[in-house]
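These are the residues of each chain, in order.
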Amino acid sequence: MVVATSLADEILELKAQRRAVILAHHYQEPEIQEIADSIGDSLELARAAQKFEGDVIAFCGVRFMAETAKVLNPRRTVVLPDLNAGCSLVDSCPAEAIRAFRRTHPEHVIVSYINTSVEVKAESDILCTSRKAVAIGKAMPPEKPVLFLPDINLGNFVKQQ
């Protein structure tokens, strides 16, 4: 007799075989969240993965989230179920544009919101979360020009504060 298994059962079996952890962003569908080991925002999940003992991190989110998890977990394999899962905020801020800006404005401090690609993170002087953006802005010397990336709304809020 063949017993039919659900897709969730197959995923959980593969998870056990690969010694994997499943991380799901808050925005994922309930069916994905139900089988996840941890649910949260992108940085919270990347940090949660550091406490995990296995070999594989399955990041149910978008590309920059999986990249951040890989930076914080360099010895683990990080997989992203949908390699085309992108973020319009990240897409609006290509690393080459940041490199070009740096060449023509070397005096600027580049502060990037955590929701950027790993390439943009590498070009940045400071990375921040939305929670810490105002504190970082206030810590900047007033005479030092700052380029805040890539969220103009968060950048304007920081500037107002």
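Here, every reference points to the structure presented above.
In this text the structure is predicted, and so the values were computed from the model without any measurement. (Residues numbered from 1 in each chain as written. Predicted model: local features only at pLDDT ≥ 70, side-chain atom pairs only at ≥ 80, totals over all residues. Heavy atoms only, no water.)

**A few points about the overall build of the protein chain**
Okay, step 1: Along the backbone of the protein chain there are nine helices and seven strands.
Okay, step 2: Along the first, second and third principal axes, the C-alpha set of the protein chain runs to 75 × 30 × 25 Å.
Okay, step 3: Within the span of the protein chain, comprising 161 residues, buried residues form 40% of the whole.
Okay, step 4: Sequence-distant contacts in the protein chain: of pairs separated by 6 or more residues, those separated by 24 or more amount to 46%.
Okay, step 5: Accessible surface for the protein chain amounts to roughly 10,000 Å². Of this, 54% is attributable to carbon and sulfur atoms. (Helix = DSSP H or I, 4+ residues; strand = E, 2+ residues; numbered from the N terminus. Buried < 20%, exposed > 50% of the residue type's maximum accessible area, 1.4 Å probe, protein only. Contact = heavy atoms within 4.5 Å. Areas by Shrake-Rupley, 256 points an atom, 1.4 Å probe, with all protein chains shown as cover.)

**Brief notes about the pattern of salt bridges**
Okay, step 1: By the definition in use, this model includes six salt bridges.
Okay, step 2: Among the salt bridges present, the one from glutamate 123 reaches arginine 99, with a minimum N-O distance of 3.1 Å. Taken together, the residues span a long stretch of sequence, with glutamate 123 in helix H7 (residues 118–123) and arginine 99 in helix H6 (residues 95–104) at a distance of 24 residues.
Okay, step 3: Owing to a relative accessible area of 21%, glutamate 123 belongs among the partly exposed residues under this scheme. (Salt bridge = Lys/Arg side-chain N within 4 Å of Asp/Glu carboxyl O.)

**Quick word on the sheet that holds strand S5 (residues 109–113)**
Okay, step 1: The strand order across the open sheet formed by three strands is S6-S5-S7, and the pairing between neighbours is parallel. At either end of the open sheet lies a strand with only one pairing partner, and these are strand S6 (126–128) and strand S7 (146–149). Direction aside, neighbouring strands of the sheet carry axes that sit 20 degrees apart on average. (Pairing = 2+ DSSP bridges. Axes fitted to C-alpha atoms, helices over the stretch in contact; angles between N-to-C directions.)

**Details of the environment of threonine 68**
Okay, step 1: Within the secondary structure, threonine 68 is located in helix H4 (residues 63–72).
Okay, step 2: Separated by 79 residues in sequence, threonine 68 and leucine 147 place their C-alpha atoms 21 Å apart.
Okay, step 3: Discounting residues that sit within four places of it in the chain, threonine 68 has contacts with Leu43, Ala46 and Lys121.

**Quick notes on helix H3 (residues 42–50)**
Okay, step 1: Along H3, the residues classified as buried are Ser42, Leu43, Leu45, Ala46 and Ala49. Relative to the axis of H3, the buried residues are bounded by an arc of 165 degrees and lie together on one face.
Okay, step 2: Against strand S1 (20–25), strand S2 (38–40), strand S3 (56–60) and H4 lie the buried residues of H3.
Okay, step 3: For H3, the N-terminal cap is aspartate 41; the gap from its side-chain oxygen to the backbone nitrogen of leucine 43 is 3.3 Å. (Arc of directions from axis to C-beta. Polar contact = N/O pair within 3.5 Å; in protein donor to acceptor, adjacent residues only side chain to side chain.)

**As for the pairing of S1**
Okay, step 1: Counting buried residues in S1 gives six out of six residues, a clear majority hidden from the surface.
Okay, step 2: Pairing of S1 with S3 involves five bridges; the strand directions are parallel. The partner of leucine 23 across the bridge, within S3, is phenylalanine 59.
Okay, step 3: Relative to S2, S1 runs parallel, the two sharing three bridges. Paired with histidine 25 across the two strands is glycine 40, which belongs to S2.
Okay, step 4: In this fold, the crossover linking S1 to S2 by way of helix H2 (residues 30–35) has right-handed handedness. (Right-handed = clockwise from strand over helix to strand, strands pointing away.)

**Topic: the side chain of asparagine 73**
Okay, step 1: Mapped onto the fold, asparagine 73 is located in the loop between H4 and strand S4 (77–79).
Okay, step 2: According to the relative accessible area criterion, asparagine 73 is buried, its value standing at 3%.
Okay, step 3: Not counting residues within four places of it along the chain, the set of residues in contact with asparagine 73 comprises Ala46, Ala49, Gln50 and Ile57.

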